[in-house]
Amino acid sequence: MTVGKDVSALFPDVVNCMQTDNLELKKLVYLYLMNYAKSQPDMAIMAVNTFVKDCEDPNPLIRALAVRTMGCIRVDKITEYLCEPLRKCLKDEDPYVRKTAAVCVAKLHDINAQLVEDQGFLDTLKDLISDSNPMVVANAVAALSEIAESHPSSNLLDLNPQSINKLLTALNECTEWGQIFILDCLASYTPKDDREAQSICERVTPRLSHANSAVVLSAVKVLMKFMEMLSKDLDYYGTLLKKLAPPLVTLLSAEPELQYVALRNINLIVQKRPEILKHEMKVFFVKYNDPIYVKLEKLDIMIRLASQANIAQVLAELKEYATEVDVDFVRKAVRAIGRCAIKVEQSAERCVSTLLDLIQTKVNYVVQEAIVVIKDIFRKYPNKYESVIATLCENLDSLDEPEARAAMIWIVGEYAERIDNADELLESFLEGFHDESTQVQLQLLTAIVKLFLKKPTETQELVQQVLSLATQDSDNPDLRDRGYIYWRLLSTDPVAAKEVVLAEKPLISEETDLIEPTLLDELICYIGTLASVYHKPPSAFVEGGRGVVHKSLPPRTASSESTESPETAPAGAPPGEQLDVVPTQGDLLGDLLNLDLGPPVSGPPLATSAVQIGAVDLLGGGLDSLMGDEPEGIGAPNFVAPPAAAVPASLGAPMGSGLSDLFDLTSGVGTLSGSYVAPKAVWLPAMKAKGLEISGTFTRQAGSISMDLQLTNKALQVMTDFAIQFNRNSFGLAPAAPLQVHAPLSPTQTVEISLPLSTAGSVMKTEPLNNLQVAVKNNIDVFYFSTLYPLHILFVEDGKMDRQMFLATWKDIPNENEAQFQIRDCPLNAEAVSSRLQGSSIFTVARRNVEGQDMLYQSLRLTNGIWVLAELRIQPGNPSFTLSLKCRAPEVSQHVYQAYETILKN
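Residues numbered from 1 in each chain as written. Predicted model: local features only at pLDDT ≥ 70, side-chain atom pairs only at ≥ 80, totals over all residues. Heavy atoms only, no water.

## Quick notes on the overall build of the chain
Here comes step 1: Within the chain one finds 36 helices and 13 strands.
Here comes step 2: Residue burial in the chain is summarised as follows: out of 906 residues, 52% are buried.
Here comes step 3: Sequence-distant contacts in the chain: of pairs separated by 6 or more residues, those separated by 24 or more amount to 69%. (Helix = DSSP H or I, 4+ residues; strand = E, 2+ residues; numbered from the N terminus. Buried < 20%, exposed > 50% of the residue type's maximum accessible area, 1.4 Å probe, protein only. Contact = heavy atoms within 4.5 Å.)

## Brief notes about the packing of helix 18 (residues 311-321) against helix 20 (residues 348-360)
Here comes step 1: Relative to each other, helix 18 and helix 20 sit at 10 degrees, their axes nearing to 11 Å. Considering the angle they form, helix 18 stands roughly parallel to helix 20. Each of Ala 312, Leu 315 and Lys 319 in helix 18 lies in contact with helix 20, whose residues at this interface are Arg 350, Cys 351, Thr 354 and Asp 357.
Here comes step 2: Its residues placed into classes, the contact of helix 18 with helix 20 shows three nonpolar, one polar and three charged. (Axes fitted to C-alpha atoms, helices over the stretch in contact; angles between N-to-C directions. Parallel < 35°, antiparallel > 145°, perpendicular 65-115°, else oblique. Nonpolar A, V, L, I, M, F, W, Y, C, P; charged D, E, K, R; others polar.)

## Some details on the confidence of the model for the chain
Here comes step 1: Looking at the chain, the pLDDT average stands at 80 and 85% of residues meet or exceed 70.
Here comes step 2: Throughout residues 558-673 the model reports pLDDT below 50, and contacts reaching past four residues in sequence, or to other chains, amount to 258 contacts. (pLDDT = per-residue confidence, 0-100.)

## Quick look at the sheet that holds strand 2 (residues 692-701)
Here comes step 1: Reading across the sheet, the five strands line up as 1-2-3-6-5 and stay open at both edges, with antiparallel pairing between neighbours. Both edges of this open sheet fall to strand 1 (681-684) and strand 5 (734-735), since each of them pairs with a single strand only.
Here comes step 2: Pairing between strand 1 and strand 2: three bridges, direction antiparallel. When the sheet's bridge partners are listed, Val 682 is paired in strand 2 with Ser 695. (Pairing = 2+ DSSP bridges.)

## As for the environment of Ala 66
Here comes step 1: Take Ala 66: it is sitting in helix 5 (residues 60-72).
Here comes step 2: Along the chain, Ala 66 and Cys 55 lie eleven residues apart, while their C-alpha atoms are 5.9 Å from each other.
Here comes step 3: When neighbours within four sequence positions are excluded, Ala 66 is seen to be in contact with Tyr 30, Phe 51, Asp 54 and Cys 55.

## Some points on unusual backbone geometry
Here comes step 1: Cis rather than trans, the peptide bond between Glu 767 and Pro 768 has omega equal to -5 degrees.
Here comes step 2: With respect to the element layout, Pro 768 can be found in the loop between strand 6 (750-758) and strand 7 (771-777).
Here comes step 3: Not every positive phi belongs to a glycine, and Asp 825 is a case in point at roughly 55 degrees.
Here comes step 4: Here Asp 825 lies in the loop between strand 9 (818-823) and helix 35 (830-839).
Here comes step 5: For Asp 825, a relative accessible area of 62% translates into the label exposed.
Here comes step 6: The backbone phi angle of Glu 851 is positive, close to 50 degrees, even though this residue is not glycine.
Here comes step 7: The exposure class of Glu 851 is exposed, given its relative accessible area of 78%.

## Here we look at a negative patch on the surface
Here comes step 1: Together, Glu 424, Glu 427, Glu 431 and Glu 461 give the surface a local cluster of negative charge.
Here comes step 2: Exposure remark for Glu 427: the relative accessible area of 39% places this residue in the partly exposed category. (Patch = residues over 30% accessible without salt bridge, like charges linked within 9 Å, V, L, I, M, F, W, Y side chains within 5 Å. Areas by Shrake-Rupley, 256 points an atom, 1.4 Å probe, with all protein chains shown as cover. Salt bridge = Lys/Arg side-chain N within 4 Å of Asp/Glu carboxyl O. Lys, Arg positive; Asp, Glu negative; His and termini not counted. Charge placed at Lys NZ, Arg CZ, Asp CG, Glu CD.)

## Topic: the pairing of strand 10 (residues 843-850)
Here comes step 1: Pairing analysis gives seven bridges linking strand 10 to strand 11 (residues 853-861), with the strands arranged antiparallel. What sits directly across from Asn 849, in strand 11, is Asp 854.
Here comes step 2: In textbook terms, the turn of a hairpin is the stretch between consecutive antiparallel strands, and for strand 10 and strand 11 this stretch comprises two residues, one of which, Glu 851, has a positive phi near 50 degrees.

## Regarding helix 23 (residues 402-414)
Here comes step 1: The terminal C-alpha atoms of helix 23 lie 18 Å apart, and with 13 residues this matches the ideal 18 Å at 1.5 Å per residue to within 8%.
Here comes step 2: Counting buried positions over the 13 residues of helix 23 gives eleven, a clear majority of the element.
Here comes step 3: Along helix 23, the residues classified as buried are Ala 404, Arg 405, Ala 406, Ala 407, Met 408, Ile 409, Trp 410, Ile 411, Val 412, Gly 413 and Glu 414.
Here comes step 4: Contacts made by the buried residues of helix 23 are with helix 21 (364-380), helix 22 (389-394), helix 24 (422-430) and helix 25 (438-454). (Expected span 1.5 Å × (residues − 1).)

## Considering the sheet that holds strand 9
Here comes step 1: Taken in spatial order, the five strands line up as 9-13-12-11-10 in an open sheet, and their pairing is antiparallel. Every other strand in the sheet has two partners, leaving strand 9 and strand 10 as the edge strands with one partner each. The sheet shows a mean angle of 20 degrees between the axes of neighbouring strands, taken without regard to direction.
Here comes step 2: Contacts from helix 34 (residues 803-812) reach strand 9, strand 10, strand 11, strand 12 (867-874) and strand 13 (881-887), with the element oriented near 95 degrees to strand 12.
Here comes step 3: Sitting on the sheet, helix 35 is in contact with strand 10, strand 11, strand 12 and strand 13, with an inclination near 5 degrees to strand 11.

## Observations concerning a nonpolar patch on the surface
Here comes step 1: A cluster of nonpolar residues, Leu 25, Leu 28, Leu 31 and Met 34, forms a patch on the protein surface that exposes about 330 Å² of accessible area.
Here comes step 2: Within the secondary structure layout, Leu 31 lies in helix 2 (residues 23-36).
Here comes step 3: On the basis of relative accessibility, which here comes to 41%, the residue Leu 31 falls in the partly exposed class.

Structure, rendered in structure tokens:
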């Protein structure tokens, strides 16, 4: 059987051997049963009597063996017979039997959860947490944790200070794996205040000196989590920091595989609390016999710990590493020198001279990496180290990697005025333009345009050559787009071109590879697990929803002043702290506290990101690629504007008065139910589009956004080959399907089309926020217009927060993010307002009556995850309402208010 041969035919004979008194033989028979019971369920029932009998055997080893085997036989018919023996074993006098039975409950729950609940086994398991034997306690905790993971909503591990005390007592006496189960359970508990957190930390700290690295990491996880609740002013806080360093250092003396796991966890710890290991730089120095995966991880941590105090040591080490034989390691070491220069300003000069020494070695890959990082140093410290450019230019011929070539081209273009032969250098790259990678082609195009703007008389031919190569001879849409943009800029307004292309660049940040704070907080809760090695939350690599619970660090208590920004503050606070909210003057949110709030419910995650802001894109992500015609060529010496001048309609098409124009009620009727739909408005008049008139509106039905278009042909010729494209916009709106006009559009004919939209397109902040630039192509030409979309089409259907979460979030968002508006001439009562807004996915979380005023507390969520919280005050008989909005991205508030006004008045 163990060598893979099928011996299931012997099942009846093996079952007969179960009656033996020989313990070794009995173990073998049970092993055989576990293996083949699934394929022979009818035969397996023959063994049930023996199991039941063995569960009452005087020998505790046999009792435990019987109950363990029954739990491993995953056959439905047998499970019902297992209940009675299991109940007896859970109350057995011998702790070995009880601990085995505890694990059996978890196995049985996996096969038939309902049966376990009906038989009351879960309550018995909870009682075992108070057992006198520490191993029984550990197994009961392990079983309950396993069951709780598959049922996140059930509050099985109902931890309180009394049960925590029992777990901490058992912690000192149980085996190492038992300790891990208990520590993991402690990590899921949120202490009621900093004193309790400190008390638990004091009792967990001795586990840091355990020989088993898994116990050490589990203890570190508990301490890292509870340190969130301790004030940094406490003496104990400093003591704890000192105690955490030695065990982490000790882990690095284990075998390489364990070192790697430890280093991945230390990487997270250093990002969260660098002060723990700030004096331990030397242990992360690389040894000659370390495997490459350990070396690279140590390098990463060295850079994170680099500071003014230790930078000399670090640089000396990195310079040494750059002469190693392992190419990957050398590359990373050279990059690390650059990262140190960017992180520690005082060391920048020393780093640059170190990089220049490395360039002098003429080792190809070292030179290329050095050039890439020097480009970043120029971005961080402009006008400081440009004297090294001459040395870089000497190595131009040896560059063969795209990233290094692109970096060198950027340097030549950016500092063209300081390089006498810049045009010759760039021309040498231009000879093999079509063989270069896209990254190099784009950089070369930009560099030559920069050069032309700095030295226009000498480089006229060069810039025409590169624009021609980029627009006429290239198949790459990105390259062609950029070529056309530069072409139009240069031909229409060279001054504007100079402002755009030669604009001052923002300084690059110190650490570009830090983990995003909310993800880091979640990963800290998973220290010692696979998630901490992958640096991804379990939901990213565990298949199916089972066992994936989002965790977060506990909120800081009132006594520990938070140094975090509101963006990174944890979302859910325990119920005890909710009562600390003090409403600000004129803010009736405090009245929410009188509501009957239940226990905290895990609510929707808070969107911490404001509206993303992309780079400025003048003509937008490839509207030009719709153009049928392409320029014939560029006439020298002056630029000729390319045909089909693509000016966004925001410059030419009539826009009326923005949103109010979009909702002109005289031109149509909205739908009777669901989200409010504005009447169609003319977006592109026929006189602007050679006879094509486009009217439209936006709708949201059952979670899908559509652009409802009406195309009218007012020309004298048939229109065909329609296509549509959007420019990048604030919320990533993009067509989810092509524009389908099934038949040619004859003169005077009108066609109605519903174009489905998605929010997965490219994002770039627009002004105003809800502006949408559109290009429509047909067989005649390409036409451009812009329109404003109502924000309520982006309100998602699951935007209702629970009350507890609403309160915590309102408290968490800074007061300066609050905006107040007046909604006038709206004769509706609170009931009608709530009902109408709910139709457009604005949900009422709570409603109160305060001094005759109706107060509605509402929440909504946008498609990009931004939450908006609202407080609407309605005075019966008064048609003016006061709307207060709070949001982490305050720029959306004005548009949310316009959505309120539109929905309530139509």
